Every structure is written in C-alpha cells, then in structure tokens.
Number of protein chains: 4
Amino acid sequence: MFEIRTDLAVEEKESFPGDGGEVTGVSLREWSKANSKIKLTEVAILDAHGARAMGKPKGTYVTMEARALIRGDEDYHREVAGELAMQLKKMVKELKRQKKVADKTNIHVLVVGLGNPSVTPDSLGPQVLGNLKVNRNMDEGEDVVLSGIVPGVMAQTGMETAEILRGIIRETRPDLVIAIDALAARSIRRLGTTIQLTDTGIHPGSGVGNHRHSLTMDSLGIPVLAIGVPTVVGAAAIVHDTIAVLIETLANNMETRGMGDFLEHLNPDEQYQLISELLEPEFGALYVTPPDIDQTVRRLSYTISEGIHMAFYPLFGAS
Amino acid sequence: MFEIRTDLAVEEKESFPGDGGEVTGVSLREWSKANSKIKLTEVAILDAHGARAMGKPKGTYVTMEARALIRGDEDYHREVAGELAMQLKKMVKELKRQKKVADKTNIHVLVVGLGNPSVTPDSLGPQVLGNLKVNRNMDEGEDVVLSGIVPGVMAQTGMETAEILRGIIRETRPDLVIAIDALAARSIRRLGTTIQLTDTGIHPGSGVGNHRHSLTMDSLGIPVLAIGVPTVVGAAAIVHDTIAVLIETLANNMETRGMGDFLEHLNPDEQYQLISELLEPEFGALYVTPPDIDQTVRRLSYTISEGIHMAFYPLFGAS
Amino acid sequence: MFEIRTDLAVEEKESFPGDGGEVTGVSLREWSKANSKIKLTEVAILDAHGARAMGKPKGTYVTMEARALIRGDEDYHREVAGELAMQLKKMVKELKRQKKVADKTNIHVLVVGLGNPSVTPDSLGPQVLGNLKVNRNMDEGEDVVLSGIVPGVMAQTGMETAEILRGIIRETRPDLVIAIDALAARSIRRLGTTIQLTDTGIHPGSGVGNHRHSLTMDSLGIPVLAIGVPTVVGAAAIVHDTIAVLIETLANNMETRGMGDFLEHLNPDEQYQLISELLEPEFGALYVTPPDIDQTVRRLSYTISEGIHMAFYPLFGAS
Amino acid sequence: MFEIRTDLAVEEKESFPGDGGEVTGVSLREWSKANSKIKLTEVAILDAHGARAMGKPKGTYVTMEARALIRGDEDYHREVAGELAMQLKKMVKELKRQKKVADKTNIHVLVVGLGNPSVTPDSLGPQVLGNLKVNRNMDEGEDVVLSGIVPGVMAQTGMETAEILRGIIRETRPDLVIAIDALAARSIRRLGTTIQLTDTGIHPGSGVGNHRHSLTMDSLGIPVLAIGVPTVVGAAAIVHDTIAVLIETLANNMETRGMGDFLEHLNPDEQYQLISELLEPEFGALYVTPPDIDQTVRRLSYTISEGIHMAFYPLFGAS
C-alpha cells in the first residue's frame, strides 16, 4: 500500500478521522508557554495498537511549533532553544529513571549529524555538528561529556550509518546518542517551523531522501533521542493532497457531484489503489523544498546546537 | 492562466497536440552523432507567432540529451563537452555573421554563473564558474579573453542581476555574455540528462526558484548566450501530470468513463480553471529534486566548464 | 625596500621607536569601556607627513581589541558587535557632517565582502555577506537601504574588484561602501582578536594574499569604510621577528656580543638589505595562519554582520 | 630538541650531510618514466637504525614529483593518477605476498579522508573522499570492495581518529585502510607538486596542524597505506631555513666571517638550543601556505581519487 509519508507524529495524528480524534493507544497533550508563541504537542504512543495505527514505534514525540522560526528573529530562536533544552533534559531524566541511562552527572552523549552535507535540505544534521562544542577531548570541568560525528550517507561511504555508529559506540562507550536529522513532512507550512524531539530514535525510511536505516536502542545498544526538523515534503504528499482537493471540489460542484461522490465513496483500498497508480513509484524518492531552504536550515542548525549546549553545559550563556 | 512551466524549448514543443506536431513559426530539427549516444534537437522559434505559441522568445534552442550523463562516465562527459564546444562556436560564428559580435579573433566573453551557491540544485552556475579558467587578468597568448562573475541572488544582494551585470559590462566592455543557469523542466527524466544552449538569453521567471529577471541583448546591451541544465521540476508540473493521468484513468475505466470523459471534454479554459484551483499558488515557488542532485550538479558543472574551455582555448586538452 | 607588512595602523604605530612614541602628523587615543574588556585605540593620520611615516593614507583607524574574542563567548561577541555598531554610526555621522554622504535618514549602503570564499583565512568578507540581511529588494520600513555583493578574487573573475564595484555603483547609486576584508597582521596574538574600522577604504597590497587593489573614494566615487580582522601573519614578518630576536640574543650573550652589536649597528639601510636578502621574495606571498582559523573566521563573521545590523536596522535585536 | 618537521621521507633524506648521502639502514632509488616528466623516488627504511636516523618508521616511501602538477594540465594529472595507481597496486601485491592482506581478488579497502574540511590546506582528504566512488553498498560486479569515511578532526568530534576507525573496522571488516592526508613539507617548492605513498600508515604529529595520532597496523589491526600531498610548510621550517642562510651569508662575508664561522661551528646541540629559543613554541602550531592553495587541493584531490579508481576498478576509464 502506497504510504504518504510524514516523519512527524503530530501530522500522523492529525490525519486520523475527526481531525485527529481518539485513537486507542495514543495520547495527545497540547499546551503553550505563557508569554510565548511556541506551541507544544506531546504525542505518546503507548502500545502496539497505537504503534500500528500511527505507523511509528512506541514512545514519546514532543513537537515545538513556532511560525516565527521561519523568520530570522534571534531572540525568538533563543527562546525555542531554551524550550528544546528543557525537553531534552526531561527526556534524559526519564531515561535515567528507567535505568536506560546511568544515574550519574557526567554522562557521555554522542551527538550524530545525519544527512548529506552537500544537499541543502538534507544538511541540517551536519550543520548542527558544525556549530556544536564537543568537550570529550578537553578537561573543562563540564559535567556532561559531549562527542560528535557526521557519519555521511551510504552513497558516499558504502556503509550503513548503524554500522559506523555501532563501531564508534563500542570504542568510545557513550551513554546516549542524540541524532539530528532533516525530516519529511506532509504539509508545506511545517517546513522550518517545527522541531520534533523523540525518544524512539531513527526509523527505516524516515529522513530526507528516504535513505535512513534504523538507529535505535535495539540497533545501537544505547538509547537514541532524535531531534528533527522538516525541510522537505514528499512529492507524493503534494500530489495526494491535490487529488483530495479535486475529489472534494467535484463533490461540492452541482454538475460533478456524482463523480466526486463516487471517488469519495470508493473504499479506502480502492482509493489507495487508484492513488498509488497515480503516484509514480519514482515520486517516492523525490522531495519538494522551497528555494530559501538554505537560510532556514542554517538558522535552525543554530537553534538546535544552542539547545543542546543549554541542556548539557550548565554555564552556557551565563554571562 | 496558470502555467506549468518548463525552461526547455524542446519540452514546450513536445507539449503541443500530436506529440509536438507542426506549429507555425517554429521549426524542429533532430539528429544524433554517429558513434555517439548524444541526441541533438534544435528548436528555432522564427517569428512572433511561434514565440506566442511557445511562450518563449524568438531564437535558437539547441538541446543535447544523453541519458548516460546521469552516470559518472568521464569519457562520456568529455564527448558531451566537445559537442557543447562545437555548438557554442557555431552560435558565436553566427553572432559574428549577424554583426552582433565584432568579427575579430580576440573577443572578450563574460561568463556569468547564475543561481544560489548555497542551494544545491540552484548552484550549477556558481559551480561552473568555480571550475572556469579566466584569462583576462593574464597574458597567456590565448585568443579569446575570458572573464567571469557569480552575481549572487537578489535575496542576498538586494540587487537585480541585470543591474549588477550592466554595471560590470559598462566597465569591462565584453563582447558577449554566456550565462549558466539551473533550469526547471516538466519531466523528471530530464533532470541532469539534458543541456540546453540558446541565443535568446535568460527570461523572466526561468531558472530554479523562479527568481530570474531578464538578461538579454535588450537588458544588457550585448548578446547573451545561455547554457542551462534542468535540475528541478516544478511541484505544479508533478501535480498537473498526475491529474492528467487521473482523468485518462477515469476515461479508460468502464465504471468511471463518464467522469473522465466529462473532465476531458471540459474546454481548455475550464480545465485550466479547475487545475489552477487545485494547484495552490504556493506550489509555484516549490520545486522537486532528487536526493542525489549534488552529484549531478557537480558532474555537469565540469562538463560545461570543459565545454567552454574547449570552445575558446584552442590549446585546451591538447597535450 | 622590503617591507614587513601589517594592515593594522595600531601595529604600524607600535613599530615606531620608543614603543610607538610621538610621530608628527599621527595622533593616538586609547580608552576602554567601563565594565568591558574591549580596548579601543584610535590612530588618526592627520597629514602627508604622518601618512608617509605610517605607510598608510590619511584618515581614522579605530581598533577594537578583545582577547576573549578568540573564545566562543556569545555574549561577549554581542558586546563587541554593539561597539562596532557605535563606531560605524559615528563614522557615518562624520561623513554626513563633511558632506561626503547626503544628510538624510535613508542612505543606501553597499556592503562588499572581499576575499576568496574557498580559502579559509581569506573568507571573512564572503562569510559576513552570507550572514547579512539586505533590504534594498524589500519594503520593510527600515530607514537605511542595504545591498551587498561578493565580487570574488581576480584569479577567478579576471577583473579587478574596483572595476566590478564601479559598475555596480554606477547602476545602483549607493551613498557609501562598507568593505569587509581579512587582514594581515605582524603579530600572531592579533589573529582573530582585533577588529579595525577605518574611513580610508582598501589600499593596494593590503588583505590576505596581497591581491587587493585600491577601493577608495578616489577609485569608486563614494566614501569607503573598511572593516577588517587579521587572520594571517605574513611569513616575512615571522622571519623578521625571529632575526630581530637572534640579533638581540647575540648582543646579550657575552661570547657573541660582538656579532649582535655589529648587526644591531648596521644602519637601517644595511639591515634592510641583509634582511631582504634573507627573506626570499616568494615569502611575501605566503601567509601563516593557525589550524583553527575556520572557527575564528566563522565566529567573527557573525560579530561583524551583527554589528552592521545593529548600526543600520534600529529595530534589530529589540524583542 | 626542537625538530623542524617534514612529513616527506625524501626531504628527510635530503637533509642528511652530503646532500642526502649514505645512511646505514636507508636505501634510496630514483628513476623517471620515459616520455614523462614524473620523477619517482623510493626511500626504504630498512631497520631500526634507519628509522632512528630518519625519525620515521620502517617501511617504504614512494614519492612522485611533478612540477607541472601545480598547473591545471588535465592530461598530466591523468598520467600522475596512472602512476599512483601502479604504485598502489604494487604495494597491495606486496602486502598480499607478506600475508598481511588476504590473497584474494575481492579485498575490501576502506579509504579514509583525514583532515578538517573547513580549513583549505587541511581539506585534501575530505575532498578526495568527495570524489570517490564507493561500491560496498552496491552490486556492480567490481572486484575490489571500496568503502570510505571522513572521520573529522578531534576538535570537532571529541574523539581520536583511531577510536573512530577501530570501531568502523571492527564492524565492517575491511582488509586494508588507505588514508589520505595533507602533509607538512620543509620546502615551499614541494607544495602541491609531490605525492607520497607509504606502507607505514599515519604517525603521531604528522599532517597539517600537527593533530594526527597513530593510524597503523598496530593501532588499527589491519595494514594502512597512506597517500599524502604537502600543502603547508611549518612556520618553524621557514624561520630555520632563513637562519641557515643568515649564518651562511655571515660566513661568506669578509667582514662578518667570524660570526658566521662561530655560529656554524657551534656543535649541533648548541645550534639546536639557539634555534629552538628563536622559534617560539607557538610557531610549531602555525603553518605557511600559498594563497592559491584552494586550486591546488582541488586539482590534486581529483588526481588521487582517479588514481584509486584506476587501481581498484579495472574497467575505470575504459570506454
């Protein structure tokens, strides 16, 4: 079955009937900070039923949304970085509570910048790593030990990212991986305005270019937090949405109502079959991205690296 | 009227009824080299009628197509570079015949690398200029004088490219501009496999990101040859093509024939109206590009710079 | 006569006997901000005598020094950016007072990023322009109109930067140029810790790689402010300083005092002759730079772009 | 004792008295190809005595020198690539003979691009990897399996390169590492004109920036071939050479002969002491590089990647 892919749990949730109504095994919580324009959403996938329904693994997905991120307001980016830091710390605390990470101050965090540095919308991870201050090689009295790697993409290395990381983890023994990745969304308005933080790691088929393999506690042996920002929309999603509008248009129009109705009342399987015939297989590998994506990726790479610094370097930004 | 844009004259021609049949004021010539897998097409727009029909200005558009370009075969790239050099020399000769370029050996050619170096599919022009050997600042006994500039994009300069170039041309007095640009095609299979050379310059709305203004003899005062490679497909084109397939599918299917027929027999105006409603205006600014576009742009930037070297440095490559 | 080059007026001043004592035609003022670790120096070259003595044109050279800049303290960079903004505004005000710039609010400033983006220590100018927010193409209600250009280096364009800029200025009519450039210092401890702002423009032979030609009111027709940061030390300076230490060592050592004395008492012409024989001509084109210069250039490019934003966008940073 | 460092065995050899005369435990062979301007030198360090004398480990160092490499002659680069391929194949054959690499056709070679991609003269390794065609992830019927990695530098990763590589090697089990690195030479004329290939791997303190740790059969568990090109000269070397010329000048000059003689006849220990006092410790971390190093690195990165392709892809370049 052709799947219109999104890497954002919050979008997957919205796609359920009734504008994202109740789904067994999935909880939703939304809030926003007083005095802030950041909207937070936590989607928790609680069990196997929820995971099946959402097409995503069990775990917590926190989304920070801020339309203003698309603009270059520096103070605003700092506020989002602060929120990201808080959510990161909360997830690490929870991992400690669950004994998945040792309950000590000086944990060692390996930050991984996924993606292809030479392809603008896929370069978020490498750009975050370019801003990151690591300290494993220094003795600066920081509590948390940070190291970092840009593993490259398989077309350039001939190796799966999991192979590279497993090796590095075995040698350097970090307690936790934080993977940074550019994501595919379904909706254009998400591009560059949303940051997703999850404790489920990276899953096959996610990320720009659809190349990613699994990076999880199962495949790497230590917990994997993932920070992602949607920078592309799959071409298939664009086509799918337009056809949905076409069907609705036909159904709302006197003259063509019959056709719209007909299409609308195809059962889901028939709808999928029709749509997947329309969506040429090669569309799956294509992505849609706005022409100013370079500015967006650059700005958000700073927001994310600053968020990581704030979470793990207690003295960061204190002047 | 919503226009599904292509920067390739050869695609525009193909879009006419009868698979690109006769159009008054447009001539078409196709050939290929013996022992070579390069297919050449020359579309000549001869008069105002042809220009209106094609939505492109009067002039000659030569297309070199080679599926193998997508792969990294170096000898093949060299062959295409040689062909590009030949076509370039032919166009320059014709400009001399028409007295648009002075009939002397040591003409001065200003090569312009259009596009945004930070956005991979838009970086073809800057990358070609990165490979280019200019000689205006040297005395190397070459016949042709080459200079080059990467003017940047308006979002970064606050200036129109034509303003920048007019100023430079007034100061340095070249005889001819060769502008290199990344193009938008309608068909995915054109991406990275086609080079278009035209004597009509750059026209408003062409290029990746839809930002270009006019760069022509009218706006710059000297002839402008343009070399372009399609690196993106407009999101609108993808949607349009899928809807066309939907209509055809409906028309071919017993049960839905009525609807397909209905849609097919909307008059063109009605079809356009429906489709332009479906194609959200913001799609016009979005482009679709494959994830390995960095390799494609890099390889073709070498082919093009080598083609220019071969055309203007007689001793190039002779060892 | 072989000249050990520095682009910093403050270093030139220090090189005078008596640790930079009185020089006719040159005034020196030093101060520092309360509560701040920024040291400011203003060298004013007042007349032709001062210009000859300093080997630099008449005008004002303000130096901001801050050892802490070498580290990545963000708040500190912001403080330096604020100081740069203040000095920039003061220079623009003075240019208005002298009627060199029209006395209106909405002046048009063309920011020029000199240097080669592909050579790390020479990429300061292009990197500042990459961060810069221009607004000439927008109507955002800002007072000052900003445009920007990265003209490239002659080896890549075949054109002198002055030619390119003269053309652009004639077309777009800015009131003022601000040129950003990487500089050569004499002392290693200056690298990345000093910002020089001058109203004298760019002079032949300055900048990394020794390629620059004159960019001044004379050559461009409008006033040119220049912002520079030393990122390299000429290899010749390193050698010169070592030989000076050798001579001193010999003079201070009982056994070798005679030699040191001899060398010390060569007259300046003889000293220069000896030294210029020792400094192979090719050393002039070589530069010395530390291995972490990429971090330094990146950080300072933000400080400078933020300084320009603060000077010309009144609302910048106000949240 | 302060050491004037060179990564080139051939330079180390030349520095011996008698212009590189006989040294016990070191053999030297020089030849050049008929019809070619490539000069080849093989320095073999045969035993512990030779290793001590040369300050380099036992093994074979092949140098390809070609002044013309500094220019952009493409056919010439191809010729050098062919020679590099031949020497590489010879070394692999010898490793098989010594049973250090399994004697099978389809060996797996991991190519490692050392250095900092953001610092131009240190970016040779990453740039070679950018050109490299890996095939471990494909089934293309090639004999040799190639994979590749750009491990980054410790300041950016917080990890030693050996840690990263040991991990990757344990996971992916290559038979052989080929490490590409930018080197420090003693002589400016070597920059960009020499390629060194050695079977001894990478040794502590070599490479640009002096950051490298050991990458050898001992530290990685599999044989390591290293390909290097000098792109910098240590500032210390420049100073040292100048002082040597000073001493010679003094000794040759009637008036100052005594001083020169005195200095010349200091015993080596005293000379070293004097010189190391003159060479400030921080000079060790500084490097000297020409302003057009970006072109040199780019061109040589193609020569080296092409050499590797020719060595391991039998069908490469055959059209």
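Below is a summary of the structure that appears in this document. On a predicted model such as this, the values are computed, not experimentally measured, just so you know. (Residues numbered from 1 in each chain as written. Chains lettered and ligands numbered in written order. Predicted model: local features only at pLDDT ≥ 70, side-chain atom pairs only at ≥ 80, totals over all residues. Heavy atoms only, no water.)

**Points about the relation of the copies chain D and chain A**
Between chain D and chain A, the superposition needs a rotation of 180 degrees and an axial shift of 0.0 Å, giving an RMSD of 0.0 Å. What the superposition gives is, in effect, a two-fold axis relating one chain to the other. Relative to the rotation axis, the C-alpha of G167 of chain D is the closest in chain D, positioned 1.8 Å from it. By residue overlap, the copies meet face to face through one surface: 100% of the interface positions of chain D are interface positions in chain A. (Least-squares fit on C-alpha atoms with pLDDT ≥ 70 in both. Contact = heavy atoms within 4.5 Å.)

**Some thoughts on the side chain of T157 of chain C**
On the secondary structure map, T157 of chain C appears in helix α6 (residues 154-157). Overall, T157 of chain C belongs to the buried group, its relative accessible area being 4%. Sequence-distant contacts of T157 of chain C, defined by excluding residues within four places in its chain, comprise V134, S147, G148 and I149 of chain B together with P151, G152 and I164 of chain C. (Helix = DSSP H or I, 4+ residues; strand = E, 2+ residues; numbered from the N terminus. Buried < 20%, exposed > 50% of the residue type's maximum accessible area, 1.4 Å probe, protein only.)

**With respect to the side chain of T303 of chain B**
Here T303 of chain B is to be found in helix α12 (residues 293-312). Leaving out residues up to four positions away in the same chain, T303 of chain B has contacts with H77, V80, A81, L84 and I195 of chain B.

**Examining the packing of helix α9 (residues 235-252) of chain C against helix α9 (residues 235-252) of chain D**
Where α9 of chain C meets α9 of chain D, the closest approach of the two axes is 9 Å, and the angle between their N-to-C directions is 50 degrees. The angle between α9 of chain C and α9 of chain D places the two elements in the oblique class. Crossing of α9 of chain C against α9 of chain D: the hand is right-handed. Residue-level contacts link I238, V239, T242, I243 and L246 of chain C of α9 of chain C to I238, V239, T242, I243 and L246 of chain D of α9 of chain D. Along the lines of polarity and charge, the residues of the contact of α9 of chain C with α9 of chain D split into 8 nonpolar, 2 polar and no charged. (Axes fitted to C-alpha atoms, helices over the stretch in contact; angles between N-to-C directions. Parallel < 35°, antiparallel > 145°, perpendicular 65-115°, else oblique. Left-handed = near helix turned anticlockwise from the far one by under 90°. Nonpolar A, V, L, I, M, F, W, Y, C, P; charged D, E, K, R; others polar.)

**Re helix α7 (residues 161-172) of chain B**
Residues and elements named next belong to chain B. With 12 residues, α7 should reach 16 Å at 1.5 Å per residue; the first-to-last C-alpha distance of 16 Å fits that figure. Burial within α7 is extensive, with 10 of its 12 residues counted as buried. Just downstream of α7 lies R173, where phi reads positive at about 55 degrees. (Expected span 1.5 Å × (residues − 1).)

**Section: the interface of chain D and chain A**
Accessible area lost on assembly of the parts is the figure often given for the size of an interface. Chain D puts 23 residues into the contact, and the matching count from chain A is 23 residues. Summing both sides of the interface, chain D and chain A together bury roughly 2100 Å²; the carbon and sulfur share of this comes to 53%. Looking at the side of chain D facing chain A, the largest losses of area belong to M159, R170 and E171 of chain D, adding up to 27% of the total buried there. Our count for the contact surface shared by chain D and chain A stands at 6 salt bridges. Two residues, E171 of chain A and R166 of chain D, come together in a salt bridge whose shortest N-O distance is 3.1 Å. (Buried area = accessible area lost by both parts, 1.4 Å probe. Salt bridge = Lys/Arg side-chain N within 4 Å of Asp/Glu carboxyl O.)

**Description of the environment of I149 of chain A**
With respect to the helices and strands, the residue I149 of chain A is situated in strand β5 (residues 145-149). Taking the C-alpha atoms as reference, I149 of chain A lies 6.3 Å from G113 of chain A; in sequence the two are 36 residues apart. Not counting the four nearest positions on each side in its chain, I149 of chain A is found in contact with L110, V111, V112, G113, L129, L165 and I168 of chain A together with P151, T157, M159 and I164 of chain D.

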